[in-house]
Amino acid sequence: MENKIKIVTPEGVNIHFEIAGIGSRFVALFLDTLIQTGLFVIILFSFVGAGMTLEDTFDNVLSWYTAVLILIAFIVYIGYFIFFEMIMRGRTPGKAALKLRTIKNNGQPVSFVASVLRNLFRFADVFPGLYAVGIIVMFVSEDCKRVGDYVAGTIVVKEYASRVPMPMIDDLKTKEQRVNTYPLSSEEYHLLKEFLSRKDQLTPHKRAELSQQLCARFFEKFYIPVEERMDQEKFLHMLVEMNRE
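Given the structure is predicted, the values throughout are model-derived calculations rather than measurements. (Residues numbered from 1 in each chain as written. Predicted model: local features only at pLDDT ≥ 70, side-chain atom pairs only at ≥ 80, totals over all residues. Heavy atoms only, no water.)

### Quick notes on the packing of aromatic side chains
Cut-off, in case you're wondering: Any two rings among Phe, Tyr and Trp, with Trp reduced to its six-membered ring, count as a pair given centres within 6.5 Å; such a pair is stacked if its planes are under 30 degrees apart, edge-to-face if over 60, and tilted if neither. Every helix listed is a DSSP run of H or I at least four residues long, and every strand listed is a run of E at least two residues long, numbered separately from the N terminus.
Summed over all chains, the structure comprises 7 aromatic pairs. Measuring from centroid to centroid gives 4.9 Å for tyrosine 80 and phenylalanine 84, while their planes differ by 65°, and the two rings are edge-to-face. With tyrosine 80 and phenylalanine 84 both in helix α3 (residues 64-87) and 4 residues apart, this pair spans about one turn of that helix. Ring centres of phenylalanine 83 and phenylalanine 84 lie 5.1 Å apart, and the angle between their planes is 75°; on these two criteria the pair is classed as edge-to-face. Aromatic rings pair up to connect Tyr80, Phe81, Phe83 and Phe84 into one cluster.

### Focus: the pattern of salt bridges
The line we're drawing: The term salt bridge refers to a pairing of a side-chain nitrogen on Lys or Arg with a carboxyl oxygen on Asp or Glu at a separation within 4 Å. Using a 1.4 Å probe on the protein chains alone, a residue whose accessible area is under 20% of its type maximum counts as buried, one over 50% counts as exposed, and one in between counts as partly exposed.
Under the counting rule described, the total for this entry stands at 13 salt bridges. For glutamate 188, the salt bridge goes to lysine 221, with nearest N and O atoms at 2.8 Å. Of this pair, glutamate 188 sits in helix α9 (residues 186-198) while lysine 221 sits in helix α10 (residues 204-221), and the two are 33 residues apart along the sequence. Residue classification places lysine 221 among the partly exposed residues on the basis of a relative accessible area of 34%. In this structure, the salt-bridge partner of glutamate 233 is lysine 199, at a minimum N-O distance of 4.0 Å. In this pair, glutamate 233 is assigned in helix α11 (residues 232-242) and lysine 199 in the loop between α9 and α10, connecting sequence segments 34 residues apart. Comparing glutamate 233 with lysine 199, the two get one shared label, buried. Several salt bridges share partner residues, and in doing so they unite Arg25, Glu85, Arg118 and Asp149 into one network.

See the structure below:
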C-alpha cells in the first residue's frame, strides 16, 4: 500500500509525495555501499602502491597509517552521502537508481546542515550492526524515518518523473509537431485564459496568490517534479499555448 504525505511549502503550496519504503531505501543503500567499497579499495591500493604494507598498519595500531586509514574510511562513509546529496539535490547514485530523493520536512531541498546531521547519525542507525536501530525506528515511524531523519528534519520520498522534459516557451513554435502532454479540460483552459487576460488589472498580491494557486493545481496534476518547475506565469502561458484551439 502506498504511503503518501501532504506537505505545505512555505509558499502555501500543497504537494503530495509518496514516502520511500524500507525495501527501496535499503536497495539504494546497498548500491551506495558497493560504490563506497570500491572507492575505499581504490584508495587502499593507492597506499599500497605508495609503499604502505598491511604490516605497517596492524603491527602498530597507533601508527599514522592506521590514523590515515580511519580518517579516509570516515570520509568515504559519511562524506560520500553528504557530497552527493549536495550536488544531486538530495540524491545519491543509489537513490537516483531507485528514483528516491531526500527532502526537508517542509518540502524544500535538503540543506548542507541537514545532510551533515542525518549522515552523522548513521552511526546511531547502524548500531549494534546491520542498521538494526535504523530498521526498528523505520518500522515504527509513520513516515519511515530513521534516527538521522528525525534529527535533521528530513524525509525520503519517491520521485515521479514528468511525462516529458518541461518545454520552454521558445519551443512552442513546433507544438503542432508534438503531442500535447499537458492537456486541459475546456473549463481549465478558459479559466487560465481569463486569469491571464485580467492579471494586469489585479493587485500584485492578488495576482501572485492566484498564480500560485493555479500553478500548484497543475504542477500536481501533471506530476511535475519540483526541480523542473519554471516561473509560474510562464508555466500558465505555456499551458494555454499548448491547448490553444
